[in-house]
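# Examination of the molecular architecture
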Amino acid sequence: MGTEGEQLCEAARNGDVARVKTMVESGADVSFFDIDGLTPLMHASKFGHTHVVKALLEAGAPWNALSSSNQSAGDFAMDSGHQEAFEVLLNAGIQAELILGTIARKSKKDGDSEGDYLEDRVTFSEDKLMDSDSKAVMMAWEKPLMEAHAKAVCSGGGNILNVGFGMGLVDTAIQQYGPATHTIVEAHPEVYERMLRTGWGKKDNVKIIFGRWQDVLSQLESYDGIFFDTYGEYYEDLRDFHQHLPKLLKPGGIYSFFNGLCGA
Ligand SMILES: C[S@@+](CC[C@H](N)C(=O)[O-])C[C@H]1O[C@@H](n2cnc3c(N)ncnc32)[C@H](O)[C@@H]1O
């Protein structure tokens, strides 16, 4: 007979929801990692035991814990074709992100600007843009994704807006479609400075607006194509931006965004 944590993993693997609940009520650790680096939630997800997945999530099991091979419970559910369990995990992740976003937003409003990306230094290298915590703001491997977004938002030609310059991957792709105007909103002083240094301010059809999109809305017009990809913001900001779309986007215009949604 194994430890309590191992027994919880076994009950999760067997889909024994009653036993899982009893063990949780008597204090079994839902964050336990077994010898293979798996949590009870990962075991339940792997076998598609949705009721167990729900019970463990309700008991506070970490939906975003990673196995030693860097897989989350959601990865296990998806790889084993358990769509229902996967969706339960996905919803738990989205809910947690929404709550965390609200808390972070509130503490920012209350004057706690700790961790404010826009006030920190960034570093550029050939293939990435990093924030002061060495987290990647943008990486070169995202180029094909950015090219696909550019193709979509430029498909009607005309006036294009991009919010968030980063490494300029999407803007470089947008330029290839020769839009009539190409407006770029960028809020980070160092990213902005680099844009100017690399000639973006001298392109005939490019207008750079420096500042947070929230603060420069009055300088924006209506566009045929809009792309949105900021960093250090939350779901709430994205939702706020979406509320301005009816004014920002011309009828029949195309909008696309990238914001790490559902990233686990
Ligand atoms: C992920 S990067 C954008 C990458 C870009 N799509 C590309 O293809 O390289 C996000 C950018 O948004 C900028 N940013 C963050 N918050 C912003 C805001 N509120 N308004 C405007 N830009 C913002 C960041 O400084 C950063 O340059």
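Residues numbered from 1 in each chain as written. Predicted model: local features only at pLDDT ≥ 70, side-chain atom pairs only at ≥ 80, totals over all residues. Heavy atoms only, no water.

## Let's talk about the sheet that holds strand E6 (residues 206-210)
Remark on secondary structure: sheet strands pair via backbone hydrogen bonds, oriented parallel or antiparallel. Taken in spatial order, the five strands of this open sheet run E6-E5-E4-E7-E8, and their pairing is parallel. What marks the edges here is a single partner per strand, and that holds for E6 and strand E8 (249-257). When the angles between neighbouring strand axes are averaged without regard to direction, this sheet yields 15 degrees. Where strand E4 (residues 159-163) lies against strand E7 (residues 223-228), four bridges are found, and the strand directions are parallel. Within the sheet, the bridge partner assigned to Leu 161 lies in E7 and is Ile 226. Across the face of the sheet, helix H9 (residues 189-197) comes into contact with strand E5 (181-186) and E6 while running at roughly 155 degrees to E6. Sheet strands in contact with helix H10 (residues 235-248) are E4, E7 and E8, and its direction is about 155 degrees off that of E8. (Pairing = 2+ DSSP bridges. Helix = DSSP H or I, 4+ residues; strand = E, 2+ residues; numbered from the N terminus. Axes fitted to C-alpha atoms, helices over the stretch in contact; angles between N-to-C directions. Contact = heavy atoms within 4.5 Å.)

## Observations concerning the packing of helix H1 (residues 4-13) against helix H2 (residues 17-25)
A pair of packed helices is captured by two measures, namely the crossing angle of their axes and the spacing between those axes. Across the interface, H1 lies against H2 with an axial gap of 8 Å and an inter-helix angle of 155 degrees. Between H1 and H2, the interaxial angle falls into the category roughly antiparallel. Handedness of the H1/H2 crossing: left-handed. Residues Glu 4, Gln 7, Leu 8, Ala 11 and Ala 12 of H1 lie in contact with H2, whose contacting residues are Arg 19, Val 20, Met 23 and Val 24. (Parallel < 35°, antiparallel > 145°, perpendicular 65-115°, else oblique. Left-handed = near helix turned anticlockwise from the far one by under 90°.)

## What about H9?
All of the buried residues along H9 are Glu 190, Val 191 and Met 195. Mapping the buried residues of H9 onto a view down its axis gives an arc of 145 degrees, with all of them on the same face. Where the residues of H9 are buried, they touch strand E1 (123-124), strand E2 (128-130), E5 and E6. One or two steps after H9, the chain reaches Gly 199, where phi turns positive at roughly 90 degrees. (Buried < 20%, exposed > 50% of the residue type's maximum accessible area, 1.4 Å probe, protein only. Arc of directions from axis to C-beta.)

## Concerning the environment of Gln 71
Topologically, Gln 71 is positioned in the loop between helix H4 (50-58) and helix H5 (73-79). For Gln 71 and Ser 155, which are 84 residues apart along the polypeptide, the C-alpha to C-alpha distance reads 37 Å.

## Notes on the side chain of Asp 229
Structurally, Asp 229 can be placed in the loop between E7 and H10. Despite its burial, Asp 229 pairs with no opposite charge; the closest candidate is Arg 194, at 14 Å N-O. If we skip the residues at most four places from it in the chain, Asp 229 touches Met 138, Met 146, Val 163, Gly 164 and Phe 258. (Lys, Arg positive; Asp, Glu negative; His and termini not counted. Salt bridge = Lys/Arg side-chain N within 4 Å of Asp/Glu carboxyl O.)

## Here we look at H1
Along H1, the residues that are buried comprise Gly 5, Gln 7, Leu 8, Cys 9, Ala 11 and Ala 12. As for H1, its buried residues are in contact with H2, helix H3 (40-46) and H4.

## Concerning the site of the ligand
Lining the immediate surroundings of the ligand are 24 residues, of which Tyr 117, Gly 166, Val 170, Glu 186 and Asp 229 lie closest. The backbone of Met 167 places a nitrogen or oxygen atom 2.9 Å from an oxygen atom of the ligand. In this structure, Val 170 approaches the ligand through a main-chain N or O atom, which is 2.8 Å from an oxygen atom. In the complex, the protein chains occlude 99% of the 600 Å² of accessible area that the ligand would expose alone. Of all the secondary structure elements, the ones that give two or more residues to the shell around the ligand are strand E3 (136-139) and helix H8 (169-175). Counted by class, the shell around the ligand contains 13 nonpolar, seven polar and four charged residues. (Near = heavy atom within 4 Å. Polar contact = N/O pair within 3.5 Å; in protein donor to acceptor, adjacent residues only side chain to side chain. Areas by Shrake-Rupley, 256 points an atom, 1.4 Å probe, with all protein chains shown as cover. Nonpolar A, V, L, I, M, F, W, Y, C, P; charged D, E, K, R; others polar.)

## As for the domain arrangement of the protein
Splitting the protein by domain gives domain 1 (4-97) and domain 2 (118-257). Taking the mean C-alpha position of each, domain 1 and domain 2 sit 38 Å from one another. (Domains from an automatic or database assignment.)

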